[in-house]
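# Structure at a glance
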Amino acid sequence: MNTAGTNPGDVQKEESMLLQKAMINANYDALSTAHEDGNKISSTFVPGNLNELLMCFDFVRNLPEINALQAGMRKKSGAYIMEAERSGHSEDVCTYVKTDLGMMSKGQVGPNGKPLPTPDVLLLSYTGCFTFMKWFELVRDEYGCETAMLHVPYQADGKITDNMRQFVVMQLKEHVIPTLERVSGIKFDIDRLREYLGESAKAEDNLVWVLQSAKNKPSPIDAYFGAIYYCGPIFSAFRGSKETTAYYKALRREVEDRIEKGLGPVTPEGLLDEERIRLVVEGPPNWTHFRDFWKMFYDEGVVVVASSYTKVGGVYDFGFRHDPEHPLETLADYCLGCYTNHSLPSRVDMLCNYMDEYEADGFLVNSIKSCNSFSAGQLLMLREIEERTGKPAGFIETDLVDPRYFSPANVKNRLESYFQMIEQKRLRPEDRSAA
Amino acid sequence: MALDEIVERCQDLYDDLDFKYIKQWKAAGSGRKAIGHMPVYVPREIVHAAGMLPVGILGGGDQLDVIHGDAYYQSYICRIPRSTIELAVTGRLDELDGMLFPSTCDVIRNLSGMWQLKFPDKLVRYFDVPQNFDLDVGGVFYTRELQLLRDQLAELGGREITDDDLRASIALYNENRRAIEALYAYRSAQPGQVPTPEVYLLMRAGMILPVDEHTRLIHDYIAAAKAVKRPVRDNCRVVVTGLFCEQPPLGLLKSIEMAGCYVVDDDFMLVARWLLEDVPTEGDPLKNLSDAFITYSVETSCKYVPVREDKGKFLIESVRRNRAEGVIFASPSFCDPALLDRPMLQKALTAQGIPYTAFKYAENSGQMQPIREQAGTFADSIKLWSAA
């Protein structure tokens, strides 16, 4: 055990985590009563999430992926998935989708125990994941609500072309904004959008600072398990709000404090007191056994110093910020820049950069059965990154929210072998001299 | 050409996993180039207009031993990318000067990146098509993407692709689509005369033969098929759908027919049937191709359906037009687009009282008995119990 400071059974939470929890709970409560309160509800996805735009129309924002992962963490997703499979959905397809559909057929009860009302509009931001398109066709089929489609072209050649940007902007102008105006009954105000985008940029600055704090040794954060919490507000229903700006200021203060004291990351069992291995991780986490999964790392003194999953709702650490001066263009660039909208060579470059900049000892892929957008090609990425960096790479397989695909003993065995391999490699004379 | 000869020629092309035909074609003229493309849709007219041979790469089928390909993919990814990689890393696709990867799904999309990493000296293009079907929005985007493809191929070929080149190619592909529609119409009218495995082989031949040669082959086949007398069976008429990307083994199609089903429509090799009308040969050729895509192309699970009520309409129209008595959903295992789409299409069919059955396959599926039993039971249930 490499953690200190808590009694068995206690879960250590950072101040910012409590702040975030309050934000999430308030949003679920707002969703539950939205229609009684005279508000409209939008549903959209995390990648390509146009939260600032939705705020311009006073929508209460619902994110089915977040509901699915919440269901996974609360051990409810297994039953939802089986319910969807019973009603004809294939065992082969994305379990986020099936969790959402199963949850709908079981009364759409949110994490607050109250039913979530039918959304008034689906903003189908088709960014970096083909399944999104089918997902919202299925939801639309169930609810019959209006759908605004935003097709975000794929950055296949590692760059955003003018044609891509103009296409997204044209869709926003011609389709998305008019649909949101019609459904909400509120006229679009571009200055209101600029104001929200300005708040987003402030929060993004602090988020990047926090993520990059992992370059310190020891790292004051875990940039995968811990950073998933840090990304929560900015990836979901809150980016662009003043409370989010405040959240990231508070988070930064917490991390600054840990750096000053030379402390490691906070785990559910307290502060990690010894950083033995630094990893870069590719792929989403498993949600059904999130704590058990994390424990397999911190028990071995393993800290994740950079991850790709924390870029899935926006890549900010290479300079992009929402720009209030170019409101629609910046929304386009944001959508186009989300991690899974990048080509495989770009993803490899990004991860190699992390390996170097964050001085990682190894590279690990958590390959997710449900997510072809992430997973297809990861074995080649692994070989490329191993070859380019000379650092050992590891590979495990789990799923997002299907508990049938999380095999704790297998995952633990693989991880322990991998961590041993990293340590063994450190002992080789040629690697020691290279270091 | 006699019927047997035509079918044999198509079978030979189908069986040739070394793509020797490409080598022969390239050897017949200096500086010739060939461009591969994955399913579902790329505008082959532009490749042809560049003087190049478009070649459909549809995986390795059930005769390819996939050894290397499995090392690139997890067990839960479909089979076509692993057999395609196998073809490439074993040198079988060396004659291709470039590859186009259409926006079919995340797996094919990511395969484009794998190609970039593995074959940096080849032209690799992920070909994005719009999911916005407004001519002034999606149409404008798509026309520019077509122009980009035109520029890339012109650079590769070392010569300009003129508007007249494009118009001439469009005309040839219009003829080809008309020939294919004639073939499909003939099969629908007299399915006993046109076994689906033969239609399939003919369509596959169109994935490698030059378009004009393929058009002639189809006309020859129709004439030859009309000249032979084949037995008429009391089969039920079905539409098979879901096979647009990873291809079924030929044995699967034979099994469906042996089980008592006449296939009267399908979605094999949609690239050849994607556009539902002729593309105009006057005016701006790229805009014409773009407008055709936006306004009259097929509905398939890779395409967004903007209006909820339209979901499944295309399939239902095919059932009605071809007087089908039922639908067989045959989809590749782990195919997200087809399998996610299926419940919506099934719901639309149910609302119309159209019976269906569903199963999965892989391109190398070997056991056909369960499929034969399922298709046979489906055919029997229609014959015995359907209202008609």
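Predicted model only: the values in this text are computed from it and were never measured.

Let us now look at the overall build of chain B. Helix and strand content of chain B: 14 helices and eight strands. Whereas a compact globule of 388 residues would reach a radius of gyration of roughly 21 Å, chain B reaches 20 Å, a difference of no more than 12%. The principal-axis extent of the C-alpha atoms belonging to chain B is close to 60 × 45 × 45 Å. Classification of the 388 residues of chain B by burial places 64% in the buried group. Sequence-distant contacts in chain B: of pairs separated by 6 or more residues, those separated by 24 or more amount to 74%. As presented, chain B carries roughly 14200 Å² of accessible surface, and 50% of it is formed by carbon and sulfur atoms. A distance of 3 Å separates the average location of the 43 positive side-chain charges in chain B from that of its 54 negative side-chain charges.

For chain A, the helix and strand inventory stands at 17 helices and 11 strands. A globule of 435 residues ought to have a C-alpha radius of gyration of about 22 Å, and chain A, at 21 Å, matches this closely. Counting only C-alpha atoms and orienting by the principal axes, one finds that chain A spans roughly 70 × 45 × 40 Å. Taken across its 435 residues, chain A has 63% of its residues classed as buried. In chain A, 78% of the contacts between residues at least 6 apart in sequence involve partners at least 24 apart. A total of about 15200 Å² of accessible surface is found on chain A, and carbon and sulfur atoms cover 49% of it. In chain A, the 48 positive side-chain charges and the 63 negative ones have mean positions that sit 1 Å from each other.

Time to look at the nonpolar core. Residues A:L53 and A:F297 are the most contacted members of the largest nonpolar core, which totals 267 residues. Mapping this core onto the domain boundaries places at least three of its residues in each of domain 1 (15-192) and domain 2 (203-434) of chain A. Apart from residues lying up to four places away in sequence, A:F297 is in contact with A:F225, A:L279, A:V302, A:V304, A:L364, A:L415 and A:F419. Core analysis: the second largest hydrophobic core is formed by 12 residues, B:V239, B:L315, B:V319 and B:V327 among them.

This part covers the sheet that holds strand β11 (residues 393-398) of chain A. Residues and elements named next belong to chain A. Taken in spatial order, the four strands of this open sheet run β9-β8-β10-β11, and their pairing is parallel. On the outer flanks of this sheet lie β9 (302-307) and β11, each paired with one strand and no other. Going across the sheet, the axis of each strand differs from the next one's by a mean of 30°, ignoring polarity.

Attention now goes to the pairing of strand β2 (residues 41-44) of chain A. Residue and element names in this part refer to chain A. Residues I41 and S43 of β2 are buried on one face, and the alternating residues S42 and T44, pointing to the opposite face, are buried as well. Relative to strand β3 (residues 60-62), β2 runs parallel, the two being bridged by three bridges. Within β3, the residue paired with S43 across the bridge is N62.

With that settled, consider helix α12 (residues 327-337) of chain A. Residues and elements named next belong to chain A. Most of α12 is tucked away, with 10 of its 11 residues classed as buried. The set of residues buried in α12 consists of P327, L328, T330, L331, A332, D333, Y334, C335, L336 and G337. Contacts from the buried residues of α12 go to α2 (51-55), β4 (121-126), β5 (146-151), α7 (162-184) and α8 (190-212).

What follows concerns the domain arrangement of chain A. Residue and element names in this part refer to chain A. When cut into domains, chain A gives domain 1 (15-192) and domain 2 (203-434). Using C-alpha coordinates to define each centre, domain 1 is positioned 24 Å away from domain 2. With 57 residues of domain 1 in contact, the opposing surface of domain 2 contributes 51 residues. Taking both partners together, domain 1 and domain 2 bury about 4300 Å²; carbon and sulfur atoms supply 63% of that area. On inspection of domain 1 and its partner domain 2, the count reaches three salt bridges.

Looking now at the side chain of A:S32. Summarising the element assignment, A:S32 is placed in helix α1 (residues 15-32). For A:S32, the residues in contact, after removing those within four places along its chain, are A:N112, A:K114, A:P115, A:L116 and A:P117.

Basis of the calculations
Residues numbered from 1 in each chain as written. Chains lettered and ligands numbered in written order. Predicted model: local features only at pLDDT ≥ 70, side-chain atom pairs only at ≥ 80, totals over all residues. Heavy atoms only, no water. Helix = DSSP H or I, 4+ residues; strand = E, 2+ residues; numbered from the N terminus. Rg over C-alpha atoms; globule rule 2.2 N^0.38 Å. Buried < 20%, exposed > 50% of the residue type's maximum accessible area, 1.4 Å probe, protein only. Contact = heavy atoms within 4.5 Å. Areas by Shrake-Rupley, 256 points an atom, 1.4 Å probe, with all protein chains shown as cover. Lys, Arg positive; Asp, Glu negative; His and termini not counted. Charge placed at Lys NZ, Arg CZ, Asp CG, Glu CD. Core = buried A, V, L, I, M, F, W, Y, C linked by side-chain atoms within 4.5 Å. Domains from an automatic or database assignment. Pairing = 2+ DSSP bridges. Axes fitted to C-alpha atoms, helices over the stretch in contact; angles between N-to-C directions. Buried area = accessible area lost by both parts, 1.4 Å probe. Salt bridge = Lys/Arg side-chain N within 4 Å of Asp/Glu carboxyl O.

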